Amino acid sequence: MAIKTVSVLINGTTTTLTYNSGSGKYEGTITAPSKSSYDEPNGSYPVSVTAEDTAGNKTTKSSTDGDSVVPALYVRSTNKPVIEIVSPTAGAILSNNVPNIVFKVTGTDAGVNVEETVLKVDGQVASGVTHTSKENVFTFTYTPSTALADGSHTIEITAKDNDGNAAETATASFTVDTVPPTLNITQPTQNLVTKNASLIVAGTTNDVTSSPVTVTVNGSTVAVNPDGTFSTTITLTEGTNNITVIATDKAGKQSTVTRTVTLDSVAPNITAVTIEPNPVDVGQTFVISVTVTD
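Residues numbered from 1 in each chain as written. Predicted model: local features only at pLDDT ≥ 70, side-chain atom pairs only at ≥ 80, totals over all residues. Heavy atoms only, no water.

This model, assessed by the stated rule, comprises 2 aromatic pairs. Ring geometry for tyrosine 19 and tyrosine 26: centres 5.1 Å apart, planes at 55 degrees, overall tilted. Between phenylalanine 103 and phenylalanine 140 the ring centres are 5.0 Å apart and the planes differ by 5 degrees, which places this aromatic pair in the stacked class. Of this pair, phenylalanine 103 sits in strand β9 (residues 101-106) while phenylalanine 140 sits in strand β13 (residues 137-142), and the two are 37 residues apart along the sequence. Among the residues examined, phenylalanine 103 registers a relative accessible area of 1% and is labelled buried. (Phe/Tyr/Trp six-rings, centres within 6.5 Å; stacked < 30°, edge-to-face > 60°. Helix = DSSP H or I, 4+ residues; strand = E, 2+ residues; numbered from the N terminus. Buried < 20%, exposed > 50% of the residue type's maximum accessible area, 1.4 Å probe, protein only.)

Written out as structure tokens, the structure reads:
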């Protein structure tokens, strides 16, 4: 008897093959499934081949039969996973020197290969990275076991899916600053007493790691020059005045200096003067007493 048809069933789709007289085989060009076979049972799509002769006799063999006649179909994805750095973000300035480094890797139909996901901190591979997953989104977290030094740091992340597709490498640089800015008040001196209501408050500030520094005087922002000097004029109220100067760096670290200044704008009042004795003999001494209020 002659062969009537030869067909192939893959992923629910049946394709009839065409006899090739040159090769003596039944052949067909089939488009692979649009999804990776990674998540399929055994990581592959079952293939079933059925041959029917003109008498109606059929033979079917499948890759699930356990023999080697029909191979399973393995389909690889061409979609790359995507890396997203959650924290610290690029350019961040941190006051914490053991920050949580968090990033996400979103896979497609081939998932995410956790073993091929690598975090480097300042060029060194980080160990102890943990992860959680929900569907195809994997969230990775790492906390340095040793405090990072003040200054600039860089993280680099590489990842692959289970079909070997590599994500675009993600990098971010951030700064650690655990030291508050310097703050020196040159004017006024502590416990100054003045008759002038107008008072100059001046000084210098700096932060090596995260300049520029913001300065406030009694809550009002004061411009800081490139060399770190600053100056502003405030108006005193009669009596004791507390002047608070706060310098804040970009990491949020603060230095505070307080000065107490007294405004006394009222002239003293002479209320009584006595001379004893009066009159006084030539060349003799006398006592003068003055009563003054202020």
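Reading across the sheet, the 4 strands line up as β7-β9-β13-β12 and stay open at both edges, with antiparallel pairing between neighbours. Looking at strand neighbours, the two that pair on one side only are β7 (82-87) and β12 (130-134), the edges of this open sheet. The sheet shows a mean angle of 20 degrees between the axes of neighbouring strands, direction not considered. (Pairing = 2+ DSSP bridges. Axes fitted to C-alpha atoms, helices over the stretch in contact; angles between N-to-C directions.)

Attention now moves to a nonpolar patch on the surface. Where nonpolar side chains cluster on the molecular surface, the patch consists of Ile270, Val273, Ile275, Val280, Phe286, Ile288, Val290 and Val292 and spans about 690 Å² of accessible area. Among the structural elements, phenylalanine 286 can be located in the loop between β24 (269-276) and β25 (287-293). (Patch = residues over 30% accessible without salt bridge, like charges linked within 9 Å, V, L, I, M, F, W, Y side chains within 5 Å. Areas by Shrake-Rupley, 256 points an atom, 1.4 Å probe, with all protein chains shown as cover. Salt bridge = Lys/Arg side-chain N within 4 Å of Asp/Glu carboxyl O.)

On to the sheet that holds strand β2 (residues 13-16), then. With respect to topology, 4 strands assemble into an open sheet ordered β2-β1-β5-β6, the strand pairing being antiparallel. Every interior strand has two partners, whereas the edge strands, β2 and β6 (58-62), have only one. Going from strand to strand, the sheet's axes swing by 20 degrees on average, the running direction of each strand aside. As paired strands, strand β1 (residues 3-10) and strand β5 (residues 47-53) are joined by 7 bridges and run antiparallel to one another. What sits directly across from valine 6, in β5, is alanine 51.

It is worth spelling out the pattern of salt bridges at this point. For the structure shown, the criterion picks out 1 salt bridge. Here lysine 80 ties to glutamate 168 by a salt bridge, and the two come within 3.1 Å at their closest N and O atoms. On the criterion of sequence distance, the pair formed by lysine 80 in the loop between β6 and β7 and glutamate 168 in the loop between β14 (151-160) and β15 (170-176) is long-range, its members being 88 residues apart. A relative accessible area of 57% means that glutamate 168 is categorised as exposed.

Moving on, we come to the environment of phenylalanine 103. Through-space distance from the C-alpha of phenylalanine 103 to that of phenylalanine 140 is 5.4 Å; in sequence the pair is 37 residues apart. Contacts of phenylalanine 103, omitting those with residues within four sequence positions, involve Glu84, Ile85, Val86, Thr117, Leu119, Phe138, Thr139, Phe140 and Ile157. (Contact = heavy atoms within 4.5 Å.)

Time to look at the side chain of asparagine 241. Position of asparagine 241 relative to the elements: it lies in strand β22 (residues 239-248). Polar side-chain contacts of asparagine 241 include one of 2.7 Å to the backbone oxygen of threonine 237. A distance of 3.0 Å separates the side chain of asparagine 241 from the backbone oxygen of glycine 239, its partner in a polar contact. Residues contacting asparagine 241, with those up to four places away along its chain left out, are Leu236, Arg259, Thr260, Val261 and Leu263. (Polar contact = N/O pair within 3.5 Å; in protein donor to acceptor, adjacent residues only side chain to side chain.)

Among the nonpolar cores identified, the biggest contains 23 residues, and Ile83, Val105, Leu119, Val121, Ile155 and Phe174 are the most heavily contacted of them. Broken down by secondary-structure element, the contributors of at least two residues to this core are β7, β9, β10 (113-121), β13, β14 and β15. Considering each element in turn, this core owes the most residues, 4 residues, to β15. When near neighbours in sequence (up to four residues on either side) are disregarded, leucine 119 contacts Ile101, Phe103, Gln124, Val125, Ala126, Val129, Tyr142, Ile155, Glu156 and Ile157. Counting 17 residues, the second-largest nonpolar core is a separate cluster that includes Ile185, Val201, Val215 and Val245. (Core = buried A, V, L, I, M, F, W, Y, C linked by side-chain atoms within 4.5 Å.)

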